Amino acid sequence: MYILDSEEIKRTDLKTIQTGIKEETLMEQAAFSIYQIIKDLNPKKVIAICGTGNNGGDALATIRLLKNFGIKADAYLNGTYEKCSLGMKKQIEIAKNYNVNFVGIESIGDYDIIIDGLIGNGLKGELREDTKILIDKLNNINCKKISVDIPSGICSDTGEIMGDAFKADITITFGYLKIGHIMYPAIDYIGNLKLVELSFFKERYTRKLVNEEQVKNFFPLRKENSNKFTYGKVCILAGSVQYPGASVLTALGAIKSGAGMVQLITPNRTESIINIEPSVIYRSLDKDYFEKEDLEIINKDLKAANTIIIGPGITKNSIEFVNEIIDNYTEKKIILDADALYAIKNKKLRKNILITPHPGEIKKFTDQKIKTVYEIEELSKNLNCNILYKNSTNIITDSQNTYFNVLGGSFLSKGGTGDLLSGLIGGFSAQGCNLMESSIISTYILYKTGRKLQEEYTSNYMTPILILNNIYKTIKELI
Ligand SMILES: NC(=O)C1=CN([C@@H]2O[C@H](COP(=O)(O)OP(=O)(O)OC[C@H]3O[C@@H](n4cnc5c(N)ncnc54)[C@H](OP(=O)(O)O)[C@@H]3O)[C@@H](O)[C@H]2O)[C@@H](O)CC1
Ligand SMILES: Nc1ncnc2c1ncn2[C@@H]1O[C@H](COP(=O)(O)OP(=O)(O)O)[C@@H](O)[C@H]1O
Ligand SMILES: [K+]
């Protein structure tokens, strides 16, 4: 499923109109879908709060349909007829022919459903003060609230709240989801999100939502006629005296993803991995942290792998070592996580490198303010690498193509989940997936499994190991 921004939606609209489908046809389709959803709620009295743009047009057309089908429905116009878009003017004229009643601001508390048609895709900048006051008034009315397209006050491109926003129980959008529908803080205002189709001219876009179908397509096949070398070797450089557990989680993630061989090398002693999972090839350097000169000892191990994971549980004093790995193993796919990210400040990377920062970790290598998908894509372009940005909504990008994963939740908010995730990504990479595919598969499997378990175990009780021990259930659905 594609995710569009406001410019792409406007372009789609224009292209559709150029094919000969009229704007009012699209508006009628939108309104009819909203009407059907509202009718099923069995409302007694509905009001649409209409702005002067086409978002108001959709809402007003819905009111006219409700009234025509016998439901009491009125409208409030926030502005003058003169200020209205052509589409909205047309809807006002039609509404008058159907005797739709336009009420004053004082009446808007008397309804059991409010339709928010104030502002949709046409929001510009911060909300004006008078609109903020109106939205605040609407938010304080106790009734069911339905937003047309996107709650008024939310930026379609970022999901930011532009001063204030209408708090909807249901949001009904058209043709495609927009970036603003799947990002926080907007998600807290959207309620139940419903996507309805319009006769939009369909095209290809660069941003998509991660879903089961894609993951099935990317998932590596296993042949009966195969051996451990068929499924690749991943070498994990992780851990320290300070964080001994991280390396264990990463190694377990890699082995349970299906990698043929997993080697774990830690500076400290973490022999316990052998008791937990004896198939992991383990080596300790018997020291506090990784140093540049360690490379000589482990060069052979690294050369035998097709994927290197470096970072989980290491400390900042290993930066030189990380730099050496990046510079000397250019043929290998490399995943840089956690404190390894300190090493990439001012560095040009490669297309066979993935970095996996959470919002806090971005500061380890750039002073730029990074928040929006545009900024993440720009960062990926400038660094010349793949990025898995681990915010509540995950963004996975190689700068040309971007995927959003919205399956996560607070059941993942526990130290170690990211370490496990790095291991899964490395494991799928070892099996032949590229780093984008590996990130998509791994976040999907981990989050989907956690989401299912949460119902039984609660989000408090969840641990990375509990999720890991159940990922086979999600994998079974994919193969
Ligand atoms: N294919 C499609 O795309 C289809 C699109 N469709 C629908 O059209 C919608 C887009 O319509 P659009 O472009 O007319 O803009 P829209 O969302 O009504 O916003 C304009 C209004 O917002 C107001 N406003 C803006 N900024 C503001 C601020 N900071 N603070 C306060 N007010 C502000 C602005 O006021 P003004 O600034 O002009 O005074 C004006 O009233 C889209 O979301 C969907 O619902 C459907 O019909 C199906 C097909
Ligand atoms: N509330 C949340 N919603 C969605 N995803 C979350 C949430 N909390 C954590 N996660 C996910 O869990 C993982 C945590 O990673 P990270 O912070 O690197 O963990 P650690 O470094 O402790 O192993 C990331 O993939 C992140 O996207
Ligand atoms: K709206």
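- With an unreviewed UniProt entry as reference, the protein is termed Bifunctional NAD(P)H-hydrate repair enzyme, source organism Oceanotoga teriensis.
- Under Subunit (unreviewed entry), UniProt gives the following word-for-word description of the protein: "Homotetramer."

### Considering the packing of helix α14 (residues 435-461) against helix α16 (residues 471-478)
Geometrically, a packed helix pair is captured by the angle between its two axes and the distance between the axes.
Thought 1: Look at α14 against α16: their axes get within 8 Å of each other, and the N-to-C directions meet at 115 degrees. Here the hand of the crossing between α14 and α16 comes out right-handed. Counting all contacts with α14, which are made through Tyr 444, Ile 445, Lys 448, Thr 449 and Lys 452, the residues of α16 involved are Ile 471, Lys 473, Thr 474, Ile 475, Glu 477 and Leu 478.
Thought 2: For the contact of α14 with α16, a count of residues per class yields five nonpolar, two polar and four charged.

### As for the pairing of strand β15 (residues 333-336)
Thought 1: Covered by surrounding structure in β15 are Lys 333 and Ile 335 together with Ile 334 and Leu 336, the residues of both alternating faces.
Thought 2: The pairing of strand β14 (residues 307-310) with β15 spans four bridges and is parallel. Its bridge partner being in β15, Thr 307 is matched across the sheet by Lys 333.
Thought 3: In this fold, the crossover linking β14 to β15 by way of helix α11 (residues 319-328) has right-handed handedness.

### Some points on the sheet that holds strand β5 (residues 113-117)
Thought 1: Pairing is parallel across the open sheet formed by seven strands, whose spatial order is β4-β3-β2-β5-β6-β7-β9. Strands with a single pairing partner mark the edges of an open sheet, and in this sheet they are β4 (101-102) and β9 (192-196).
Thought 2: With five bridges connecting them, strand β2 (residues 45-50) and β5 associate as parallel partners. The residue bridging Val 46 from the neighbouring strand is Ile 113, located in β5.

### As for the pattern of salt bridges
Thought 1: By the definition in use, this model includes 27 salt bridges.
Thought 2: A salt bridge links Glu 203 to Lys 15, with the nearest nitrogen and oxygen atoms 2.8 Å apart. Of this pair, Glu 203 sits in the loop between β9 and β10 (207-209) while Lys 15 is found in helix α1 (residues 6-18), placing the two residues 188 residues apart along the sequence.
Thought 3: Judged by its relative accessible area of 25%, Glu 203 is partly exposed.
Thought 4: Look at the salt bridges and you will find they share partners, linking Asp 5, Glu 8, Arg 207 and Glu 377 into a network.

The rules behind these values
Residues numbered from 1 in each chain as written. Chains lettered and ligands numbered in written order. Predicted model: local features only at pLDDT ≥ 70, side-chain atom pairs only at ≥ 80, totals over all residues. Heavy atoms only, no water. UniProt positions renumbered as here; feature names shortened; annotations may be inferred. Axes fitted to C-alpha atoms, helices over the stretch in contact; angles between N-to-C directions. Helix = DSSP H or I, 4+ residues; strand = E, 2+ residues; numbered from the N terminus. Left-handed = near helix turned anticlockwise from the far one by under 90°. Contact = heavy atoms within 4.5 Å. Nonpolar A, V, L, I, M, F, W, Y, C, P; charged D, E, K, R; others polar. Buried < 20%, exposed > 50% of the residue type's maximum accessible area, 1.4 Å probe, protein only. Pairing = 2+ DSSP bridges. Right-handed = clockwise from strand over helix to strand, strands pointing away. Salt bridge = Lys/Arg side-chain N within 4 Å of Asp/Glu carboxyl O.

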